[in-house]
Amino acid sequence: MAGPCSARLQGDAAAFTAALRSLVNNPQFSDVMFVVGQEQQKVFAHRCVLACRCQAFRGMLSQAPVGSQDSSSSVPPQGPFILGNVQPEVFLAVIEFLYTNSVTLNSHIALEVLTSSVEYGLQDLCKFCVKFIKDTLSVEQVCEALQAAVTYGQVDLQQHCLAFIEGCTAAVVRTQGFRELSDVVLARVLHSDRLAVDELDLVQAVREWAHVSSAVLERPVPEVAALPVRELRLPLLAPSELVTLESYNQQDLLIPVENIAAAWRAHALRKGSGVPSRLCRPRRGTRPRDHHRHLEPHAK
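First things first, this report covers the structure right here in the doc. (Residues numbered from 1 in each chain as written. Predicted model: local features only at pLDDT ≥ 70, side-chain atom pairs only at ≥ 80, totals over all residues. Heavy atoms only, no water.)

1. Side note on helix 6 (residues 123–135)
For helix 6, with 13 residues, the first-to-last C-alpha span of 18 Å sits near the 18 Å given by 1.5 Å per residue. If you check which residues of helix 6 are buried, you get L125, C126, C129, V130 and I133. In a view along the axis of helix 6, the buried residues occupy a sector of 140°, so they form one face of it. Among the exposed residues of helix 6, those oriented more than 90 degrees off its buried face are K127, K131 and D135. Check the buried side of helix 6 and you find it contacts helix 4 (88–100), helix 5 (110–119), helix 7 (142–151) and helix 8 (155–167). (Helix = DSSP H or I, 4+ residues; strand = E, 2+ residues; numbered from the N terminus. Expected span 1.5 Å × (residues − 1). Buried < 20%, exposed > 50% of the residue type's maximum accessible area, 1.4 Å probe, protein only. Arc of directions from axis to C-beta. Contact = heavy atoms within 4.5 Å.)

2. Concerning the packing of helix 15 (residues 239–252) against helix 16 (residues 257–269)
Look at helix 15 against helix 16: their axes get within 11 Å of each other, and the N-to-C directions meet at 165°. Accordingly, the angle class assigned to the pair helix 15 and helix 16 is roughly antiparallel. Once helix 15 is placed against helix 16, the crossing between them reads as left-handed. Together, P239, L242, V243, E246 and N249 of helix 15 and I260, A263, W264 and H267 of helix 16 make up the contact between the two elements. Its residues assigned to classes, the contact of helix 15 with helix 16 shows six nonpolar, two polar and one charged. (Axes fitted to C-alpha atoms, helices over the stretch in contact; angles between N-to-C directions. Parallel < 35°, antiparallel > 145°, perpendicular 65-115°, else oblique. Left-handed = near helix turned anticlockwise from the far one by under 90°. Nonpolar A, V, L, I, M, F, W, Y, C, P; charged D, E, K, R; others polar.)

3. A word on the packing of helix 12 (residues 199–217) against helix 15
At a closest axis distance of 12 Å, the pairing of helix 12 and helix 15 adopts a crossing angle of 5°. Between helix 12 and helix 15, the angle is such that the two are roughly parallel. On the side of helix 12, the interface is formed by L200, V203, R207 and H211, while helix 15 contributes E241, L245, Y248, N249 and D252.

4. Here we look at the environment of A93
Structurally, A93 can be placed in helix 4. Its relative accessible area of 3% is what places A93 among the buried residues. For the pair A93 and V103, spaced 10 residues apart in sequence, the C-alpha to C-alpha distance is 6.0 Å. Residue contacts for A93: discarding those within four places in its chain leaves V103, T104, I109 and V113.

5. Some remarks on the state of the cysteines
Note: disulfide means a covalent bond formed between the sulfur atoms of two cysteine side chains. Under the criterion given, the structure shown has zero disulfides. Just so you know, C52 is unpaired, no disulfide at all, and the nearest cysteine sulfur is the one on C48, 6.6 Å from it. The exposure class of C52 is exposed, given its relative accessible area of 56%. Looking at C126, it has no disulfide partner, and the nearest cysteine sulfur is the one in C129, 6.6 Å off. Residue classification places C126 among the buried residues on the basis of a relative accessible area of 9%. (Disulfide = S-S within 2.5 Å.)

6. Section: the pattern of salt bridges
Applying the stated criterion to the full structure yields 14 salt bridges. As a salt-bridge pair, D198 and R287 come within 3.1 Å of each other at their nearest N and O atoms. With a gap of 89 residues between them, D198 in the loop between helix 11 (183–190) and helix 12 and R287 in the segment after helix 16 connect regions that are remote in the sequence. Under the relative-accessibility criterion, D198 is labelled buried at 3%. (Salt bridge = Lys/Arg side-chain N within 4 Å of Asp/Glu carboxyl O.)

7. Details of the packing of aromatic side chains
Any two aromatic rings considered together are summarised by their centre-to-centre distance and by the angle between their planes. Throughout the structure, instances matching the rule amount to six aromatic pairs. Measuring from ring centre to ring centre gives 5.8 Å for F34 and F57, while their planes differ by 75°; the resulting arrangement is edge-to-face. Within this pair, whereas F34 is found in strand 1 (residues 32–36), its partner F57 is found in helix 3 (residues 55–62), the two being separated by 23 residues in sequence. For the pair formed by F34 and F57, the shared burial category is buried. Here the aromatic residues F34, F57, F81, F91 and Y120 are joined through ring pairs into a cluster of three or more. (Phe/Tyr/Trp six-rings, centres within 6.5 Å; stacked < 30°, edge-to-face > 60°.)

8. Notes on the sheet that holds strand 2 (residues 41–45)
The strand order across the open sheet formed by three strands is 2-1-3, and the pairing between neighbours is mixed. At either margin of the open sheet sits one strand with a lone partner, and together these are strand 2 and strand 3 (81–83). Averaged over all pairs of adjacent strands, the angle between their axes in this sheet comes to 25°, without regard to strand direction. Where strand 1 and strand 2 come together, five bridges link them in antiparallel fashion. Opposite F34, over in strand 2, you have V43 as the bridge partner. Together, strand 1, strand 2 and strand 3 form the strand contacts of helix 4, whose direction differs from that of strand 2 by roughly 5°. (Pairing = 2+ DSSP bridges.)

Remember, this is a structural readout, not a statement about activity or role.
Below, the structure written as structure tokens:
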């Protein structure tokens, strides 16, 4: 006699998702509330959905209330949970993903949703954010996206942002996002041979960045700029440009004297001897100068 047969039959996924979407921020049958952002907006949710979809929420919702003698998960905290450092729109995007496995993004919140996805350990949401950011990247936002990609270890997004910057460097270095890069990330950008901008313009952009960073961090210009300045290719500048650079440098000490001396030495010797080879390589956007034909870079 044949054994019983079994099968799993799939219903309409779209209808199921729509039904769950109707529960997003719906106070009906809600058993947990969050107070979100400076606006203190109330967001309603359901413990079972959050706990089964996200380990971070499971931990949050299973902690015993302060002062309780029972540390078991059978005594859930009463809430509301205060989340003052996240925008309501960002938190609602996270909730939408947990309920529907989809998310509605726009360019104003995508990077912050990416941050939340990392904080809550939601890898699929993180992938959605990375794809959206890559597809909608702009001159104004690319530096902020690159900074986030480095911070959260998103290698694919890092490479995509760097390629974008290499394609329109002259416009990117004039943005507020460029001036807000960390020294580590800026140094990574400056390491590229494919930047579409002249070295003189890069020096000026780094100088403006350094003064902004110095004011924000309350540290001297030479200190905040130490790492990025190593990537400036001073031997590519003409003698007259080096003279002007030295004049500006006397005011803010942006560039170590030995770096400028090395550039002058390259001119005097008519070759790149004693200078790291990468600092004598023209970038994609470097304007040709007469002395470039004499540079014969040699590694230290």
